[in-house]
Amino acid sequence: MRIVRYSLDGRTGCGALVGDVVHDLLDVELGAVVGRLSELTLLAPCEPRTIVCAGSNYAGQIIEKSRPWPQQPSLFLKSPNAITGVDAPILRPAEVERLEYEGELAVVIGRTAQNVSADRATDFILGYTCANDVTADDWRADGQWTRAKSADTFCPLGPWIETDIPDPSALRITTRLAGQVVQSALTSEMVFGVGDLLAYVTRWITLQPGDVLLTGSPSGVGPMTPGDTVEVEITGIGTLRNTVTDRSDRARPSGSRTSAQTGARP
């Protein structure tokens, strides 16, 4: 099943995507139709309270950056205000000189997860979506990781949550910048797989339904500038597409999380 969050006629909601038609998530079998994709605005597919991210989790990036091999996952957080949706702009703050894309597989939690064992991780996962861990590199370089990772629109998610992924270690993740492939890797290249990451995180951090775990980015991370369109595609899930614009040029996009968007959490 593909679960979407949408905006239609001033209201938000959750639905199940079948073909190009969105059905009421609570009434899929009866065929209650919300509308076609072309009639809706897709929002970020979940509203996480917590976004936990793994860094340096792909062998290729570790080698590329000449980093030591990790003995345990390296974790950091992104703030929920960073969430934005498919086709919504990524806003580059005026002070940022180097804004980077990082295509990633995102895990969406389906049940309260605390002290989860790696072999039972799938019991707590609702599904998977595409993510872009947008980073202000010059802010990270001066030690301001919270600011570098958590500015508004710095966590695009979408286009939907795919619940039917039998093996998250068998996916191809591809990032394109202006139509050119800049990242391409298999999720089997992760140092710590989804189960290991979820087990490690939930030893200390209880994750709730709708929370998100970002699993790291492959080699090839690089800069993007206003006017660039960046796409993160994951086999079996779909494509997340966003365009970079200067923050001064645009108001906060409708695909972003705001106090007015109180649609149900999956």
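Reading the values: rules and limits
Residues numbered from 1 in each chain as written. Predicted model: local features only at pLDDT ≥ 70, side-chain atom pairs only at ≥ 80, totals over all residues. Heavy atoms only, no water. Pairing = 2+ DSSP bridges. Helix = DSSP H or I, 4+ residues; strand = E, 2+ residues; numbered from the N terminus. Polar contact = N/O pair within 3.5 Å; in protein donor to acceptor, adjacent residues only side chain to side chain. Salt bridge = Lys/Arg side-chain N within 4 Å of Asp/Glu carboxyl O. Buried < 20%, exposed > 50% of the residue type's maximum accessible area, 1.4 Å probe, protein only.

**Brief notes about the pairing of strand β19 (residues 229-234)**
Every regular strand shows the same layout, with side chains that alternate between the two sheet faces.
For step 1, the next point in the chain: As paired strands, strand β15 (residues 172-177) and β19 are joined by five bridges and run antiparallel to one another. The residue of β19 that forms the bridge with Arg176 is Glu231.
For step 2, the next point in the chain: Pairing analysis gives six bridges linking β19 to strand β20 (residues 238-246), with the strands arranged antiparallel. Within β20, the position partnered with Ile234 by the bridge is Gly238.
For step 3, the next point in the chain: Connecting β19 to the antiparallel partner β20 that follows it, the hairpin turn spans three residues, and Gly236 within it adopts a positive phi of roughly 85°.

**Considering the side chain of Arg176**
For step 1, the next point in the chain: Tracing the sequence through the fold places Arg176 in strand β15.
For step 2, the next point in the chain: Engagement of the side chain of Arg176 in a polar contact is seen with the side chain of Glu233, the distance being 2.8 Å.

**A few points about the pattern of salt bridges**
For step 1, the next point in the chain: Counted according to the given criterion, the structure contains 20 salt bridges.
For step 2, the next point in the chain: Among the salt bridges present, the one from Arg92 reaches Asp246, with a minimum N-O distance of 3.0 Å. Taken together, the positions of Arg92 in strand β9 (residues 90-92) and Asp246 in strand β20 put the pair 154 residues apart, joining distant regions of the chain.
For step 3, the next point in the chain: On the basis of relative accessibility, which here comes to 21%, the residue Asp246 falls in the partly exposed class.
For step 4, the next point in the chain: For Arg120, the salt bridge identified is with Asp123, shortest N-O distance 3.2 Å.
For step 5, the next point in the chain: With relative accessibility at 36%, the residue Asp123 sits in the partly exposed group.
For step 6, the next point in the chain: A single network of salt bridges, built from pairs that share partners, joins Lys78, Arg98, Glu100, Glu102, Asp133, Asp137, Arg140 and Lys149.

Just geometry here; none of it tells us what the structure is for.
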